[in-house]
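# Structural overview
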Amino acid sequence: MNYCGNTTITDFYILGFSHFKTEQILLSVGIMIMYLMTIVGNLAITVVISLVPKLHTPMYFFLCNLSVIDVIYVSSTLPKLLSITITQDNRISFAGCISQLYFFTFSGVCDIFVLTSMAGDRYVAICRPLQYTLIMNRRVCGTMSAMCWTVSAVNSLLLTLLTSVLDFCNSLEINYILCDLKTMTALSSSNTTSRKIFIFVEDIIIAFVPFSLTIVSYFQIISTILKLHSAESRLKAFSSCTSHLTTVILFYAPALIMYMKPESEHSREQDNLISLLYVAVVPMLNRFVYSLRNKDVLNAVRKLNAK
């Protein structure tokens, strides 16, 4: 808990969509629908993959990881945002804000690592198919998954602890839809120059490097697919990675827009709408991408329904 002189900080105020006075009911209904659809969709995908032996492959193992992470992701942000839009009480306790910061950062970073692992899986499957079962065995997949979760948890804990000791004396109003690292650092009255440098370096290591590996993997994948002789083989190979590629685009595109867009007070409402797209819409769409566009998952659902 932070102290400014003799004043103890107990609450922050998430302004979020406070300017949208007349649209609060519409926002509440939209957020509730997106939250429920994301939770139900992710749990359904996890159950289907767990019950169908045919889906016990590295790609679907990582998809299960992604589903669990997305449940944590939306659960750390949307319930509080929903409460604010319904009750108009935009207070969030210091402990609640720090907790939200941790889980939001953790799930975001873990998403990046799992998506990168899935890109590696697709690279081996298409570019080195004869060695696929040898390289992507159960032990390797388990180790990759454990590393994703462990590194994300430790990294997020470090960033959260660094943020929790900052002073917040000038303002307690968070002109955003949640407590995230960038917003909290900007809000602080402490000298955050060293932290901003640290966060910039972290962004390169945690976000840019995995993103670059994913891009390189897909360059290799596309190059290999184009070298296949028959159109049927090319179509089959490309269809095996379209769901993942779509998810990567859905994840990174809004993130790049949100975090690389220059700060502007006049466009803050627009920024918050983009953030809602990133926080709520993308996790919801991911499950539709892997269910409606994936024949294996659809066939598995039909078999379960037939039993």
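Since the structure is predicted, the reported quantities are computational estimates derived from the model, not experimental observations. (Residues numbered from 1 in each chain as written. Predicted model: local features only at pLDDT ≥ 70, side-chain atom pairs only at ≥ 80, totals over all residues. Heavy atoms only, no water.)

### Re the overall build of the chain
Helix and strand content of the chain: 12 helices and 5 strands. Long-range pairs, those at least 24 residues apart, make up 79% of the contacts in the chain with a sequence separation of at least 6. Summed over its atoms, the accessible surface of the chain is roughly 15,800 Å², and 68% of this surface lies on carbon and sulfur atoms. (Helix = DSSP H or I, 4+ residues; strand = E, 2+ residues; numbered from the N terminus. Contact = heavy atoms within 4.5 Å. Areas by Shrake-Rupley, 256 points an atom, 1.4 Å probe, with all protein chains shown as cover.)

### A word on the state of the cysteines
Simply put, the disulfide is a covalent bond whose two ends are the sulfur atoms of two cysteines. Counted by the stated rule, this structure contains 1 disulfide. One disulfide bridge connects Cys97 with Cys179, the sulfur atoms lying 2.0 Å from each other. In this structure the cystine formed by Cys97 and Cys179 twists about its S-S bond by roughly -120 degrees; its chirality is therefore left-handed. With a gap of 82 residues between them, Cys97 in helix α4 (residues 94-127) and Cys179 in the loop between β5 (173-174) and α7 (181-187) connect regions that are remote in the sequence. (Disulfide = S-S within 2.5 Å.)

### What to know about empty space enclosed by the protein
As enumerated under the stated definition, the model contains 2 cavities of 30 Å³ or more in all. Around the largest cavity, the lining residues are Leu159, Leu162, Thr163, Leu181, Thr185, Arg195, Phe198 and Ile199. Those elements that provide at least two residues to the lining of the largest cavity are α6 (138-164), α7 and α8 (193-226). Each residue belonging to the lining of the largest cavity can be placed in one class, and the counts come to 5 nonpolar, 2 polar and 1 charged. In this structure, the second largest cavity spans a volume of roughly 40 Å³. For the lining of the second largest cavity, the elements supplying multiple residues, two or more each, are α2 (58-75) and α11 (268-292). Of the residues in the lining of the second largest cavity, the class split is 5 nonpolar, 1 polar and 2 charged. (1 Å grid on protein atoms, 1.4 Å probe; cavity = no way out; pocket = protein on both sides within 12 Å on 5 of 7 lines; lining within 4 Å. Points joined across faces, edges and corners; volume = space filled by probe spheres on them. Nonpolar A, V, L, I, M, F, W, Y, C, P; charged D, E, K, R; others polar.)

### Some thoughts on the UniProt feature "transmembrane region" (unreviewed entry) in the chain
The sites that carry the UniProt feature "transmembrane region" (unreviewed entry) are, in the present numbering, residues 25-52, 59-78, 98-119, 140-162, 204-226, 238-260 and 272-290. Segment residues 98-119 splits into 100% helix and 0% strand. End C-alpha atoms: 32 Å apart. Secondary structure within residues 204-226 divides into 100% helix and 0% strand; the distance between the first and last C-alpha atoms comes to 31 Å. (UniProt positions renumbered as here; feature names shortened; annotations may be inferred.)

### Examining the nonpolar core
Core analysis: the biggest nonpolar cluster contains 67 residues, and Phe12, Leu63, Val114, Met118, Ile174, Leu276 and Val279 have the highest contact counts within it. At 13 residues, α4 tops the list of elements feeding residues into this core. Non-local contacts of Val279, meaning those with residues more than four positions away in its chain, are made with Tyr73, Val74, Thr77, Leu78, Phe104, Ile177 and Leu178. By size, the runner-up hydrophobic cluster in this structure holds 7 residues, among which are Ala119, Ile126, Tyr218 and Ile225. (Core = buried A, V, L, I, M, F, W, Y, C linked by side-chain atoms within 4.5 Å. Buried < 20%, exposed > 50% of the residue type's maximum accessible area, 1.4 Å probe, protein only.)

### Description of the confidence of the model for the chain
Close inspection of predicted coordinates is inappropriate for parts of the model with low pLDDT. With 85% of its residues at a pLDDT of 70 or more, the chain shows a mean pLDDT of 84. Averaged pLDDT values for the elements of the chain fall to 60 in strand β2 (residues 7-8) and rise to 94 in α6. (pLDDT = per-residue confidence, 0-100.)

### What about a nonpolar patch on the surface?
Together, Ile197, Phe200, Val201, Ile204, Ile205, Phe208, Val209 and Leu213 make up a nonpolar patch on the protein surface, roughly 760 Å² of accessible area in all. Within the secondary structure layout, Ile205 lies in helix α8. Its relative accessible area of 51% is what places Ile205 among the exposed residues. (Patch = residues over 30% accessible without salt bridge, like charges linked within 9 Å, V, L, I, M, F, W, Y side chains within 5 Å. Salt bridge = Lys/Arg side-chain N within 4 Å of Asp/Glu carboxyl O.)

### Some words on the side chain of Ser76
Inspection of the secondary structure puts Ser76 in the loop between α2 and α3 (78-87). Judged by relative accessible area, Ser76 falls into the buried class, the value being 15%. At a separation of 2.8 Å, a polar atom in the side chain of Ser76 contacts the main-chain carbonyl oxygen of Tyr73. Leave out the neighbours within four places in its chain, and Ser76 touches Gln100, Phe103 and Phe104. (Polar contact = N/O pair within 3.5 Å; in protein donor to acceptor, adjacent residues only side chain to side chain.)

### So, α8
In this model, α8 (34 residues) spans 48 Å end to end at C-alpha, consistent with the 50 Å of a helix rising 1.5 Å per residue. A maximum bend of about 30 degrees is found in α8 at Phe208, where proline Pro210 lies one to four positions downstream. Taken residue by residue, α8 has Ile199, Glu202, Ile206, Pro210, Thr214, Ser217, Tyr218, Ile221 and Ile225 as its buried positions. (Expected span 1.5 Å × (residues − 1). Bend = angle between axes of the 7 residues up to and from the residue.)

### Thoughts on the sheet that holds β5
The 3 strands lie next to each other as β4-β3-β5, forming an open sheet whose pairing is mixed. The sheet is open, and its two edges are formed by β4 (91-93) and β5, each paired on a single side. In terms of strand pairing, strand β3 (residues 11-14) meets β5 through 2 bridges, oriented parallel. Its bridge partner being in β5, Ile14 is matched across the sheet by Ile174. (Pairing = 2+ DSSP bridges.)

### What to know about the packing of aromatic side chains
Taken as a whole, this structure holds 9 aromatic pairs when the rule is applied. For the pair Phe211 and Tyr252, a centre-to-centre distance of 4.6 Å together with 55 degrees between the ring planes defines the contact as tilted. Taken together, the positions of Phe211 in helix α8 and Tyr252 in helix α10 (residues 242-260) put the pair 41 residues apart, joining distant regions of the chain. Members of the aromatic cluster, connected to one another through ring pairs, are Tyr102, Phe103, Phe106 and Trp149. (Phe/Tyr/Trp six-rings, centres within 6.5 Å; stacked < 30°, edge-to-face > 60°.)

### Let's talk about the packing of helix α1 (residues 24-51) against α3
One way to put it is that α1 packs onto α3 with a least axis distance of 9 Å and a crossing angle of 155 degrees. It follows from the interaxial angle that α1 and α3 lie roughly antiparallel. Crossing geometry of α1 relative to α3 is assigned as left-handed. Contacts from Gln24, Ser28, Ile31, Met32 and Tyr35 in α1 reach Leu78, Pro79, Leu81, Leu82, Thr85 and Ile86 in α3. For the contact of α1 with α3, the class distribution of residues is 8 nonpolar, 3 polar and no charged. (Axes fitted to C-alpha atoms, helices over the stretch in contact; angles between N-to-C directions. Parallel < 35°, antiparallel > 145°, perpendicular 65-115°, else oblique. Left-handed = near helix turned anticlockwise from the far one by under 90°.)

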